[in-house]
Amino acid sequence: NVQVDTDSQIENDQTNVVKFRSDVLNGLKNNPKKLSSKYFYDKIGDHLFQEIMAMPEYYLTKCELDIFKNKTENLTGLIASENEPFDLIELGAGDAMKSTFLLKYLVEKGKDFTYMPIDISGNILSILNEKLNIEIPNLEITSLEGDYFDMLDKAASMSSRKKVVLFLGSNIGNMNKDEAESFCLELNKNVNSGDVVLIGFDLKKNPHVILSAYNDQSGTTAAFNLNLLSRINRELNANFEVENFQHYQTYDPVSGDCRSYLVSLKDQKVLIENEVISFKENELIDMEVSRKFSESGIVELAEKSGFKVVGEIKDSKNWFVDSVWE
Ligand code: AVJ
């Protein structure tokens with residue numbers, strides 16, 4: 001299903017690198033300096049994130065997997081209780097590890113639906129397509145490669161069926177409050193009444209548990225952050241000395257903001273293409289926020305963006321929630 005046209009792929013890569021360069025340079029002119037965690041995921045970053053998910057401290061994926069594996073019937077009741085045909089759209093599907101359990105169940109129950117994974121990585125989509133063709137031969141798949149909202153638009157132009165939109169993994173946690181609100185507002189504009197949205201949120205819990213998930217013993221989260229500096233070296237011809245930066249993680253249990261920074265270990269200058277960026281000793285780069293939610297925070301976000309919370313499913317520890325909105 002996935003068509004990767006080589007010419008447009010090259011064009012894509014070129015516009016991507018232009019955007020990457022200007023985002024990096026602009027971010028490093030901020031005070032405090034800032035890089036966007038959406039750039040963590042190059043090939044090496046993807047691999048490090050796989051390692052993070054396998055760490056004992058990183059509970060998020062395990063919790064949401066518990067929901068999709070063990071509460072599939074509940075889940076189906078919330079998103080597809082009637083026999084109306086629908087499109088199941090997944091934003092940032094990746095390897096669809098969790099949703100595969102739901103897909104299998106829906107096919108077994110004879111539900112009439114098309115699975116539409118959306119991802120910016122065409123490579124990931126073709127791998128996913130192949131995997132699902134083998135694991136669930138009767139599944140109808142239409143893969144959509146591109147930005148979330150461009151592809152939601154495209155999905156809507158392809159069919160007028162009910163839409164069920166999945167946005168899993170607490171990816172919404174990487175947006176600050178304003179960004180999350182405008183994201184959900186935009187999502188609201190892209191669905192009709194009767195459509196359903198399911199969003200995964202990591203819940204506030206014992207702050208030690210949260211901090212440990214991002215401040216792991218093995219240093220994998222540190223490597224994940226530092227890899228963005230290496231990526232800038234590789235792709236933007238820069239000369240960061242990665243060993244001169246140190247990962248620092250915070251969690252504020254009041255706001256629910258879990259934040260990572262890189263600390264410059266000395267006064268230093270870094271060359272990115274023809275620009276010089278100066279760092280003072282102990283100067284920070286703001287790298288990522290992973291926001292943790294309260295139940296009332298979720299309701300507030302839903303209502304501010306025109307949705308109503310119609311159901312929720314938590315894992316057995318009550319650490320993570322998949323919240324269902326209409
Ligand atoms: C993929 C965005 C859910 O914020 O928990 C993991 C990324 N960062 N460890 C998260 C991440 C550091 C992750 N999300």
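Because the structure is a prediction, the values reported are computed rather than measured.

The rules we used
- Residues numbered from 1 in each chain as written.
- Predicted model: local features only at pLDDT ≥ 70, side-chain atom pairs only at ≥ 80, totals over all residues.
- Pairing = 2+ DSSP bridges.
- Helix = DSSP H or I, 4+ residues; strand = E, 2+ residues; numbered from the N terminus.
- Contact = placed C-beta atoms within 7 Å.
- Axes fitted to C-alpha atoms, helices over the stretch in contact; angles between N-to-C directions.
- Buried ≥ 20, exposed ≤ 12 C-beta atoms within 10 Å, placed from the backbone.
- Parallel < 35°, antiparallel > 145°, perpendicular 65-115°, else oblique.
- Nonpolar A, V, L, I, M, F, W, Y, C, P; charged D, E, K, R; others polar.
- UniProt positions renumbered as here; feature names shortened; annotations may be inferred.
- Core = buried A, V, L, I, M, F, W, Y, C linked by C-beta atoms within 7 Å.
- Near = placed C-beta within 6 Å.
- Arc of directions from axis to C-beta.

## Some details on the sheet that holds strand β8 (residues 245–252)
A sheet is described by the order of its strands in space; here four strands give the open sequence β1-β12-β9-β8, paired in mixed fashion. Bordering the open sheet on either side are β1 (33–34) and β8, each of which pairs with just one other strand. Looking at chain direction, β8 and strand β9 (residues 257–264) are connected through eight bridges and run antiparallel. Each residue of the ladder has a partner; that of Asp252, found in β9, is Asp257. Sitting on the sheet, helix α9 (residues 207–214) is in contact with β8, β9 and β12 (284–291), with an inclination near 160° to β8. Contacts between helix α10 (residues 220–236) and the sheet are confined to β8, β9 and β12, with β8 contributing the most and set at about 125° to the helix.

## Some thoughts on unusual backbone geometry
A negative phi holds for most residues other than glycine; trans holds for most peptide bonds. Note that the residue after Asn31, namely Pro32, is joined by a cis bond; omega there is 0°. Along the chain, the position of Pro32 falls in the loop between α1 (6–29) and β1. Backbone geometry places Ala96, a non-glycine residue, at a positive phi of 50°. Examined against the element boundaries, Ala96 turns out to sit in the loop between β2 (86–91) and α5 (99–108). A residue is classified by how many C-beta atoms lie within 10 Å of it, and Ala96, with 22 of them, is buried.

## Quick word on the packing of helix α2 (residues 43–54) against α10
It is the contact of α2 with α10, at a shortest axis distance of 9 Å, that shows an interaxial angle of 175°. When the axes of α2 and α10 are compared, the pair comes out roughly antiparallel. On α10, the residues touching Ile44, Gly45, Leu48, Phe49, Glu51 and Ile52 of α2 are Thr220, Thr221, Ala223, Phe224, Asn227 and Arg231. Of the residues assigned to the contact of α2 with α10, the class counts are six nonpolar, four polar and two charged.

## Here we look at the pairing of β12
Sheet topology note: the β1/β12 ladder contains two bridges and is parallel. From the neighbouring strand, Lys34 faces β12, where its bridge partner is Asp286. For β9 and β12, the ladder comprises seven bridges, and the chain directions are antiparallel. The residue of β12 that forms the bridge with Val263 is Leu284.

## Some words on the packing of helix α4 (residues 72–79) against α5
Running from N to C, α4 and α5 cross one another at 75°; their axes reach a closest spacing of 10 Å. On the basis of their axis angle, the class for α4 and α5 is roughly perpendicular. Where α4 approaches α5, its residues Thr72, Leu75 and Thr76 are matched on the opposing element by Phe101, Leu102, Tyr105 and Leu106. In terms of residue class, the contact of α4 with α5 is built from five nonpolar, two polar and no charged.

## A word on the UniProt feature "domain: Histidine-specific methyltransferase SAM-dependent" (unreviewed entry) in the chain
If you check UniProt for "domain: Histidine-specific methyltransferase SAM-dependent" (unreviewed entry), the listed places come out as residues 20–326 in our numbering. Strand forms 25% of residues 20–326 and helix 40%; the C-alpha atoms that close the span are 35 Å apart.

## Concerning the nonpolar core
Of all hydrophobic cores here, the largest spans 62 residues; its most connected members are Ile89, Ile118, Val164, Val165 and Val197. Broken down by element, the residue count for this core peaks at five residues, all from strand β7 (residues 196–202). Leu35, Ile52, Leu226 and Phe245 belong to the second largest nonpolar core, which has 20 residues in total.

## Quick look at the site of the ligand
In the vicinity of the ligand, the contacting residues are Ile52, Leu60, Gly169, Ser170, Asn171, Gly173, Asn174, Tyr214, Thr221, Phe224, Glu288 and Ser290. Where the shell around the ligand is concerned, the elements lending two or more residues are α10 and β12. Among the residues making up the shell around the ligand, the classes are represented as four nonpolar, seven polar and one charged.

## Some remarks on the environment of Ser182
Turning to its location among the elements, Ser182 is positioned in helix α8 (residues 177–189). Residue classification places Ser182 among the exposed positions, given that 12 C-beta atoms sit within 10 Å. In this structure the C-alpha to C-alpha distance between Ser182 and Ile199, which are 17 residues apart in sequence, comes to 15 Å.

## Description of helix α7 (residues 148–158)
If you check which residues of α7 are buried, you get Tyr148, Met151, Leu152 and Ala155. Looking straight down α7, one finds its buried side chains confined to an arc of 105°; they lie on one side. In α7, the exposed positions that point more than 90 degrees away from the buried face belong to Asp150 and Ser157. On the buried face of α7, the contacting elements are β2, β3 (113–119) and β5 (144–145).

## What about the environment of Thr114?
With respect to the element layout, Thr114 can be found in strand β3. Thr114 sits 205 residues away from Trp319 along the chain, and the two C-alpha atoms are 30 Å apart. Setting aside residues no more than four positions away along its own chain, Thr114 makes contact with Asp87, Glu140 and Thr142.

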